[in-house]
Amino acid sequence: MSVTTESTIESLDHYRSMGDHHFADKLHAVEKQHLKHIWQLRNDDELFNKAHPNDIIPLIDAVRSLPDWVDEQTLTHSALFFQENMLDLSAMLGLASLPYCYGGADGAMVLIKTGRILEKTQTRLLETGRFVFDVCSPNAFNGQGSGFLSCLKVRIVHQFVRDQMLRTGWEVDQLGYPVNQLDQAMTNLSFSLIAIRAIRKSGKTIADADAQAYLRRWNAISYLLGLDEALIRNNMRTASHLARSIERIQFRASDAGNQLTAALVSSLIQLGELKGYTKRILAPYMAYLLGEPVAGYLGLEVNRTQNLFEFSALLKQLKEVFQWIPIGDLGPVGDQKADPEFEKMLVSIPMLTP
């Protein structure tokens, strides 16, 4: 695995202008009706063994296998860790991983402009949770799950978003390429490094070997999503260094970040049916997990006098309510129903119209 151990702002800044160009070329050559074929597939067995239109084969080849630096032991270890810590990880998805991403001001603006995350925040939260389950479950990448298929779908949607932003006057020189490589690296870290940090900050002990295995699993997932290997770190120390470097480049206070965070907090309150004092400490707890300066960028104030016992009680309640919500709300794994929002997206992307 060829990775850089240290990064400077100068060595990273050019990744702001990079997207997923090789995959984009393959996607742009696909006929519109053939893309719908991908969304009709239910699992990886169908993805790799079913007959497909010739023009989508290059897309499938892009996610056909994990990188050679991922070993079976790491996959088994990280899947077991995920199973044993599923409730904590599901809670931290909403309390730390997603709001951390909103600290990237330009990336947050992309999310605002797509619109759906503000209009259907709970649905997006569930969909993200479902993706996490698809790629972290024990069968995700052994041919019996849908990890590769889920990565392909997300990679396609990322490119749709890039094309949509570029066709609506997105200022690349000022804002960077939409869904650029630094944004993707930040997202990788949010689901691995930041989630682990938040669980530890909540008071739970996580062994270094468990954290390492989970980080490396997300490195492999992000590789399938098109992340450049030069932005992948294979241990927690170098991952932390990369996160700090990206924060210095990408993170700042923004209206987009504040809007997304407010919508997320409101959604979590509704999903958890939180009331009274429990409702009032949700945002401070999120701020506590994120820490400064990220919490401040999102309009969250860290209440340093808050009773940690109350925070623990809140987290316990949230985990009892959520119980890994994506499974119950979105149906059994592999049950991929037609997505009307995706149909609308297909119609709205000029590159796909006849």
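Residues numbered from 1 in each chain as written. Predicted model: local features only at pLDDT ≥ 70, side-chain atom pairs only at ≥ 80, totals over all residues. Heavy atoms only, no water.

### Observations regarding the nonpolar core
Alright, step 1. Grouped together as the largest cluster of nonpolar side chains are 99 residues, with contacts concentrated most on Leu95 and Ile156.
Alright, step 2. Per-element tally for this core: the top contributor is helix α13 (residues 181-201), with 11 residues.
Alright, step 3. Not counting residues within four places of it along the chain, the set of residues in contact with Ile156 comprises Phe23, Leu27, Leu35, Ile38, Trp39 and Leu59.
Alright, step 4. Counting 6 residues, the second largest nonpolar core, distinct from the first, contains Val110, Val161, Met165 and Val179. (Core = buried A, V, L, I, M, F, W, Y, C linked by side-chain atoms within 4.5 Å. Buried < 20%, exposed > 50% of the residue type's maximum accessible area, 1.4 Å probe, protein only. Helix = DSSP H or I, 4+ residues; strand = E, 2+ residues; numbered from the N terminus. Contact = heavy atoms within 4.5 Å.)

### Some remarks on the environment of Leu215
Alright, step 1. Following the sequence through the fold, Leu215 ends up in helix α14 (residues 208-224).
Alright, step 2. Other than its neighbours up to four places away in sequence, Leu215 contacts Ser192, Arg233, Asn234, Asn235, Met236 and Ala239.

### Notes on the confidence of the model for the protein chain
Alright, step 1. In this model, the protein chain carries an average pLDDT of 86, and 85% of its residues clear a pLDDT of 70 or more.
Alright, step 2. At the low end of the mean pLDDT range in the protein chain sits helix α21 (residues 326-330), at 39; at the high end sits α14, at 97.
Alright, step 3. Taken together, the stretch residues 325-338 has pLDDT below 50 and engages in 28 contacts with residues farther than four places along the chain or on a different chain.
Alright, step 4. The low-confidence segment residues 349-354 (pLDDT under 50) makes 14 contacts with residues lying over four places distant or belonging to another chain. (pLDDT = per-residue confidence, 0-100.)

### Brief notes about unusual backbone geometry
Alright, step 1. Here the residue pair Glu292 and Pro293 is connected by a cis peptide bond, since its omega of 5° sits within 30 degrees of zero.
Alright, step 2. Assignment of secondary structure puts Pro293 in the loop between α18 (282-290) and α19 (294-297).
Alright, step 3. Despite not being glycine, Val179 has its phi angle at roughly 50°, a positive value.
Alright, step 4. Locating Val179 in the fold gives a position in the loop between α12 (172-175) and α13.

### Re the packing of α13 against helix α15 (residues 236-250)
Alright, step 1. Contact pair α13 / α15: the axes reach a minimum separation of 10 Å and the direction vectors enclose 125°. Judged by the angle between their axes, α13 and α15 are oblique. Handedness of the α13/α15 crossing: left-handed. From α13, Leu182, Asp183, Ala185, Met186, Leu189, Leu193, Ile196, Arg197 and Arg200 reach across to α15, where they touch Met236, Ala239, Ser240, Leu242, Ala243, Ile246, Ile249 and Gln250.
Alright, step 2. Grouping the amino acids of the contact of α13 with α15 by side-chain chemistry returns 12 nonpolar, 2 polar and 3 charged. (Axes fitted to C-alpha atoms, helices over the stretch in contact; angles between N-to-C directions. Parallel < 35°, antiparallel > 145°, perpendicular 65-115°, else oblique. Left-handed = near helix turned anticlockwise from the far one by under 90°. Nonpolar A, V, L, I, M, F, W, Y, C, P; charged D, E, K, R; others polar.)

### Digging into the side chain of Arg217
Alright, step 1. Mapped onto the elements of the fold, Arg217 is located in helix α14.
Alright, step 2. In this structure Arg217 touches Leu75, Ser78, Ala79, Val135, Cys136, Ser137, Ala140 and Phe141, once residues within four positions along its chain are discounted.

### Here's the deal with the packing of helix α7 (residues 86-102) against α18
Alright, step 1. It is at 10 Å that the axes of α7 and α18 come closest, and there the two elements cross at 60°. With respect to α18, the axis of α7 lies oblique. The handedness of the crossing between α7 and α18 is right-handed. Here Met92, Gly94, Leu95, Ala96, Pro99 and Tyr100 of α7 lie close against α18, whose contacting residues are Leu282, Tyr285, Met286, Leu289 and Leu290.
Alright, step 2. Class assignment of the residues belonging to the contact of α7 with α18 gives a composition of 10 nonpolar, 1 polar and no charged.

### Let's talk about the environment of Arg162
Alright, step 1. Within the secondary structure, Arg162 sits in helix α11 (residues 147-166).
Alright, step 2. A sequence separation of 16 residues divides Arg162 from Pro178, and the C-alpha atoms of the two residues are 5.3 Å apart.
Alright, step 3. The residues contacting Arg162, other than those within four sequence positions of it, are Gly19, Asp20, Tyr177, Pro178, Val179 and Gln184.
Alright, step 4. In this structure the side chain of Arg162 is engaged in a polar contact, spanning 3.0 Å, whose partner is the backbone oxygen of Val179. (Polar contact = N/O pair within 3.5 Å; in protein donor to acceptor, adjacent residues only side chain to side chain.)

### Digging into the packing of aromatic side chains
Alright, step 1. Counted according to the given criterion, the structure contains 11 aromatic pairs.
Alright, step 2. Taken together, the aromatic side chains of Phe48, Phe141 and Phe148 make up a single cluster linked through ring pairs.
Alright, step 3. Above the face of the Tyr288 ring, Lys201 is positioned so that its terminal group lies 5.0 Å from the ring centre. (Phe/Tyr/Trp six-rings, centres within 6.5 Å; stacked < 30°, edge-to-face > 60°. Lys NZ or Arg CZ within 6 Å of the ring centre and 35° of its normal.)

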